[in-house]
Number of protein chains: 2
Amino acid sequence: MSLEVLSKAKVCGGWHKQYSHSSSRLNCDMRFAIFLPPNATADTPVPVLYWLSGLTCTDENFMQKAGAFAKAAELGIAIVAPDTSPRGDDVADDDGYDLGKGAGFYLNATQAPWSANYHMYDYIVDELPTLIEQHFPVTKVKSISGHSMGGHGALTIGLKNQNSYRAISAFSPITNPINCPWGQKAFTHYLGSNKELWLDYDACELLKMQASSLPILVDQGDADGFLAEQLKPENLLDAAKQSNTEITLRMQPGYDHSYYFIQSFINEHLDFHSTHLFS
Amino acid sequence: MSLEVLSKAKVCGGWHKQYSHSSSRLNCDMRFAIFLPPNATADTPVPVLYWLSGLTCTDENFMQKAGAFAKAAELGIAIVAPDTSPRGDDVADDDGYDLGKGAGFYLNATQAPWSANYHMYDYIVDELPTLIEQHFPVTKVKSISGHSMGGHGALTIGLKNQNSYRAISAFSPITNPINCPWGQKAFTHYLGSNKELWLDYDACELLKMQASSLPILVDQGDADGFLAEQLKPENLLDAAKQSNTEITLRMQPGYDHSYYFIQSFINEHLDFHSTHLFS
């Protein structure tokens, strides 16, 4: 697997770089970004935090707006930000911002036309970490975080691969997609109308079925315009109780759904991940 | 003078807000953004750092990408980010990214068609601070900073109004616009062909004529693609010597012209301004 570097910029003593590569699982060229802290060398590889972004995002939103690099440099953590869907002229799309490109929902689509490319679950779980571990001075120790649709991705991927990650965190996650409009629309198109098949990509359903051995930190702004209809963090707490899983859910007064919210608490999430990545 | 709020988001315990207002000096509606730290109240007003952005920018680039709010909240400093030119359908423009909208160069244009609206110097020096001090819990204590074209703006406005500011800083400033392509193009259009009239907007020429009583901090990346042709920080040092002004110019190895560079050192600039805003 080869990589083409698209950009690089020194930041906080480390490096932000964007790459493109041919994804075998997504059947298209993909772009991702990586932050490498200053101490990342072949002799001293570092652990990786995978960041999954929300609807309409690319690899750039978090990297440009989260203000995460000073803390990640201090802690010695690499950050990888993939794109949010397959891309390219040959990839199926939809006019809605919440379906198709920019809205991969971190699942493996089974329905045409989406099934040709939309396998973001496999890409995040297998293909991308393999690529990262081949090409960069990182260890196999990793954790996962994300925002909104990416918070759904972090929770579901982390819960289903508890041996692969050390910790899960999320900002404003879609906790219960089978019970909100964004999730119901996406799952109907990507997975079909048999709702039994949706359960495997719903963090609440996963938590009801199996406890999490991974620590989970969730921040949610109480002034988030999507809170009641789309995000439903109370459902995540209820589900966690059913499997006796402890989740730290912090309702943050006055904060909305934007990257200003993420910027406000990203350092605390990095400290949380650091505790578990280096334990 | 009235303000219309366009957006607001809580961030780092404070607030980021965007406003529009009718500018009498620019003869158009203008947008600006303000960050108010959590301790800014009518009873405890805070000092203000004015941030001037570079070519093609609006009020949003710094606010979204600099990662400045955690530190500004801690220090108790408000930040105001104006737009970089007059705006609107009735405002003269040019196809080039370095002339017209997004490229006001923080001067008062004297040549048609620019002279109808392009009075960014007066706007930054007088109209905007008056507006800010009327509407927000801030003191009259202020300092100024900026990037690239905005670094030119911060240096020239600070040097010409030394009683109005406590400190000047700049990232990658256009230090000597009369001797670089960006400046020569802009000044020819905005100020005409008489180069004597350009000197008043050139930081090097200003520093040759008069020492600065204000502390000046400049950061410049040595991997900046615009360094040799457009920015010329060595000319600023030479000019400062002629008036026995001390300037702290830090050449930062490996850094480019992007906001990743700004994000890397903004906290040090905020500490620098804080020292002088609260002295």
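Residues numbered from 1 in each chain as written. Chains lettered and ligands numbered in written order. Predicted model: local features only at pLDDT ≥ 70, side-chain atom pairs only at ≥ 80, totals over all residues. Heavy atoms only, no water.

### Quick look at the overall build of chain A
Thinking step 1. A count of helices and strands for chain A gives 9 helices and 9 strands.
Thinking step 2. Here the C-alpha coordinates of chain A stretch approximately 50 × 40 × 35 Å along the principal axes.
Thinking step 3. Within the span of chain A, comprising 279 residues, buried residues form 62% of the whole.
Thinking step 4. A separation threshold of at least 6 residues defines the contact pool for chain A, and within that pool the share at least 24 residues apart is 72%.
Thinking step 5. Here chain A has roughly 10200 Å² of accessible surface; of this, 46% comes from carbon and sulfur atoms.
Thinking step 6. For chain A, the distance from the average site of its 19 positive side-chain charges to the average site of its 31 negative ones is 4 Å. (Helix = DSSP H or I, 4+ residues; strand = E, 2+ residues; numbered from the N terminus. Buried < 20%, exposed > 50% of the residue type's maximum accessible area, 1.4 Å probe, protein only. Contact = heavy atoms within 4.5 Å. Areas by Shrake-Rupley, 256 points an atom, 1.4 Å probe, with all protein chains shown as cover. Lys, Arg positive; Asp, Glu negative; His and termini not counted. Charge placed at Lys NZ, Arg CZ, Asp CG, Glu CD.)

### Points about the packing of aromatic side chains
Each aromatic ring pair is described using two quantities: the centre-to-centre distance and the angle formed by the ring planes.
Residues and elements named next belong to chain A.
Thinking step 1. Applying the stated criterion across every chain, the model contains 36 aromatic pairs over all chains.
Thinking step 2. On the basis of an interplanar angle of 45 degrees and a centroid distance of 4.7 Å, the ring pair of Trp 182 and Phe 226 is categorised as tilted. One end of the pair, Trp 182, is in helix H5 (residues 181-191); the other, Phe 226, is in the loop between strand S8 (216-221) and helix H7 (227-231), and 44 residues separate them in sequence.
Thinking step 3. Given a relative accessible area of 4%, Trp 182 falls into the buried group.
Thinking step 4. Its relative accessible area of 32% is what places Phe 226 among the partly exposed residues.
Thinking step 5. One aromatic cluster is present, built from ring pairs that chain together Trp 51, Phe 62, Phe 171, Tyr 255, Phe 261 and Phe 265.
Thinking step 6. Above the ring of Trp 15, the side-chain terminus of Lys 8 is found at 5.9 Å from the ring centroid.
Thinking step 7. Across from the ring centre of Tyr 201, 4.2 Å away, lies the NZ or CZ of Lys 160, which sits over that ring. (Phe/Tyr/Trp six-rings, centres within 6.5 Å; stacked < 30°, edge-to-face > 60°. Lys NZ or Arg CZ within 6 Å of the ring centre and 35° of its normal.)

### What to know about the environment of B:Gly153
All names here are of chain B.
Thinking step 1. Along the chain, the position of Gly 153 falls in helix H4 (residues 149-160).
Thinking step 2. Judged by relative accessible area, which is 0%, Gly 153 ranks as buried.
Thinking step 3. Once you skip the residues sitting within four places of it in the chain, Gly 153 turns out to touch Leu 52, Tyr 106 and Gly 158.

### Regarding the confidence of the model for chain A
Thinking step 1. On average, residues of chain A carry a pLDDT of 98, and 100% of them reach 70 or more.
Thinking step 2. Across the assembled chains, the prediction reports ipTM 0.95 with pTM 0.97. (pLDDT = per-residue confidence, 0-100.)

### Topic: the sheet that holds strand S5 (residues 78-82) of chain A
Residues and elements named next belong to chain A.
Thinking step 1. Read across the sheet, 9 strands follow the order S1-S2-S3-S5-S4-S6-S7-S8-S9 without closing on themselves; strand pairing throughout is mixed. Among the strands making up the open sheet, the edge pair consists of strand S1 (4-11) and strand S9 (248-252). The sheet shows a mean angle of 20 degrees between the axes of neighbouring strands, direction not considered.
Thinking step 2. In this sheet, S5 lies alongside strand S4 (residues 46-52) in parallel orientation, the contact comprising 3 bridges. From the neighbouring strand, Val 48 faces S5, where its bridge partner is Ala 78.
Thinking step 3. Against the sheet, helix H3 (residues 120-135) makes contact with strand S2 (14-23), strand S3 (28-36), S4, S5 and strand S6 (138-147), and its axis sits at roughly 145 degrees relative to S6, the strand it touches most. (Pairing = 2+ DSSP bridges. Axes fitted to C-alpha atoms, helices over the stretch in contact; angles between N-to-C directions.)

### Quick notes on the relation of the copies chain A and chain B
Thinking step 1. With an RMSD of 0.0 Å, the operation that places chain A on chain B is a rotation of 180 degrees combined with a shift of 0.0 Å along the axis. Taken together, these values place the two copies in the relation of a two-fold axis.
Thinking step 2. Taken together, the interface assignments show that 100% of the residues at the interface of chain A recur at the interface of chain B, consistent with an identical surface on both copies. (Least-squares fit on C-alpha atoms with pLDDT ≥ 70 in both.)

### Regarding the sheet that holds strand S5 (residues 78-82) of chain B
Thinking step 1. Read from one edge to the other, the open sheet built from 9 strands follows the order S1-S2-S3-S5-S4-S6-S7-S8-S9 (chain B), with strand pairing classed as mixed. Looking at strand neighbours, the two that pair on one side only are strand S1 (4-11) and strand S9 (248-252) of chain B, the edges of this open sheet. Across the sheet, the axes of successive neighbouring strands diverge by a mean angle of 20 degrees, strand direction being ignored.
Thinking step 2. Those strands touched by helix H9 (residues 259-277) of chain A are S1 and strand S2 (14-23) of chain B, and its axis lies near 25 degrees from that of S1(B).

### Examining the pattern of salt bridges
Thinking step 1. Inspection of every chain in the model, using the stated rule, returns 24 salt bridges over all chains.
Thinking step 2. A salt bridge links A:Arg250 to A:Asp219, with the nearest nitrogen and oxygen atoms 2.7 Å apart. Taken as a pair, A:Arg250 in strand S9 and A:Asp219 in strand S8 lie far apart in primary sequence, 31 residues in all.
Thinking step 3. A salt bridge links B:Lys71 to B:Asp271; the shortest N-O distance between them is 3.3 Å. You can see B:Lys71 sitting in helix H2 (residues 69-75) and its partner B:Asp271 sitting in helix H9 (residues 259-277), a full 200 residues away along the chain.
Thinking step 4. By relative accessible area, B:Lys71 is classed as buried at 14%.
Thinking step 5. For B:Asp271, a relative accessible area of 32% puts it in the partly exposed group.
Thinking step 6. Three or more residues joined by partner-sharing salt bridges are found here, namely A:Arg31, A:Asp59 and A:Glu60. (Salt bridge = Lys/Arg side-chain N within 4 Å of Asp/Glu carboxyl O.)

### Quick look at the interface of chain A and chain B
Thinking step 1. Counting residues at the interface gives 23 residues for chain A, matched by 23 residues for chain B.
Thinking step 2. Note on chain A versus chain B: buried area summed over both sides is about 1800 Å², and carbon and sulfur give 52% of it.
Thinking step 3. Per-residue buried area on chain A facing chain B is highest for A:Lys10, A:Gln64 and A:Tyr260; these three make up 36% of the total on that side.
Thinking step 4. One can count 0 salt bridges joining chain A with chain B.
Thinking step 5. Scanning the region where chain A abuts chain B turns up 8 residue pairs in polar contact (both at pLDDT 80 or more). (Buried area = accessible area lost by both parts, 1.4 Å probe. Polar contact = N/O pair within 3.5 Å; in protein donor to acceptor, adjacent residues only side chain to side chain.)

### Some thoughts on the UniProt feature "active site" (unreviewed entry) in chain A
Residues and elements named next belong to chain A.
Thinking step 1. Within this numbering scheme, the UniProt entry marks Ser 148, Asp 224 and His 257 as carrying the feature "active site" (unreviewed entry). Separation in sequence by 110 residues is not matched in space for these annotated residues, since their most distant C-alpha atoms are only 10.8 Å apart.
Thinking step 2. By the secondary structure assignment, Ser 148 is in the loop between S6 and helix H4 (149-160).
Thinking step 3. By relative accessible area, Ser 148 is classed as buried at 3%.
Thinking step 4. If we ignore the near neighbours within four places in the chain, the residues touching Ser 148 are Gly 54, Phe 171, Ser 172, Pro 173, Ile 174, Trp 182 and His 257.
Thinking step 5. Of note, His 257 is situated in the loop between S9 and H9.
Thinking step 6. Residues in contact with His 257, not counting those within four places in the same chain, are His 147, Ser 148, Ser 172, Asp 224, Phe 226 and Leu 231. (UniProt positions renumbered as here; feature names shortened; annotations may be inferred.)

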